[in-house]
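What follows is the residue order along each chain.
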Amino acid sequence: MSPTYRIEVYWSAEDGAWIADVPDLPYCTAHGPTPHDAVAQVEVAMEAWVEAARSDGRAVPEPSSRIAEA
């Protein structure tokens, strides 16, 4: 499992979709028709990003912000 990263979600009128972006992981972004869908897609992208970095021997960044645990 990858570390917990901050996800930014916003509406893009240009794309006509909700965008979910992970600032700590360059180019790790996804979109969807609802904020929930965009987050679900970017969670898949985050796992793929981390797995690819580890496979290539690249460093996986630590999350830049602390997220409160429930």
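Scroll up to find the structure this text is about.
Residues numbered from 1 in each chain as written. Predicted model: local features only at pLDDT ≥ 70, side-chain atom pairs only at ≥ 80, totals over all residues. Heavy atoms only, no water.

Caption draft 1: Quick peek at the sheet that holds strand β1 (residues 8-12). Strands sit in the order β1-β2-β3 across an open sheet of 3 strands; the sheet is antiparallel. Of all strands in the sheet, those with a lone pairing partner are β1 and β3 (29-32), marking the two edges. Across the sheet, the mean angle separating the axes of adjacent strands is 25° when strand polarity is ignored. One ladder, built from 4 bridges, connects strand β2 (residues 17-21) with β3; its direction is antiparallel. Bridge assignment links Ile-19 to a residue of β3, and that residue is His-31. Contacting β1, β2 and β3, helix α1 (residues 35-55) crosses the sheet at an angle of about 145° to β3. (Pairing = 2+ DSSP bridges. Helix = DSSP H or I, 4+ residues; strand = E, 2+ residues; numbered from the N terminus. Axes fitted to C-alpha atoms, helices over the stretch in contact; angles between N-to-C directions. Contact = heavy atoms within 4.5 Å.)

Caption draft 2: Up close: the packing of aromatic side chains. Applying the stated rule across the entire model yields 1 aromatic pair. Its end group placed over the ring of Trp-49, Arg-58 keeps NZ or CZ at 5.6 Å from the ring centre. (Phe/Tyr/Trp six-rings, centres within 6.5 Å; stacked < 30°, edge-to-face > 60°. Lys NZ or Arg CZ within 6 Å of the ring centre and 35° of its normal.)

Caption draft 3: Region of the structure containing the pattern of salt bridges. By the definition in use, this model includes 2 salt bridges. Ionic pairing is found between Arg-6 and Glu-8, a salt bridge with its closest N-O pair at 2.3 Å. Its relative accessible area of 32% is what places Arg-6 among the partly exposed residues. Overall, Glu-8 belongs to the partly exposed group, its relative accessible area being 33%. For Asp-56, the salt bridge goes to Arg-58, with nearest N and O atoms at 3.6 Å. (Salt bridge = Lys/Arg side-chain N within 4 Å of Asp/Glu carboxyl O. Buried < 20%, exposed > 50% of the residue type's maximum accessible area, 1.4 Å probe, protein only.)

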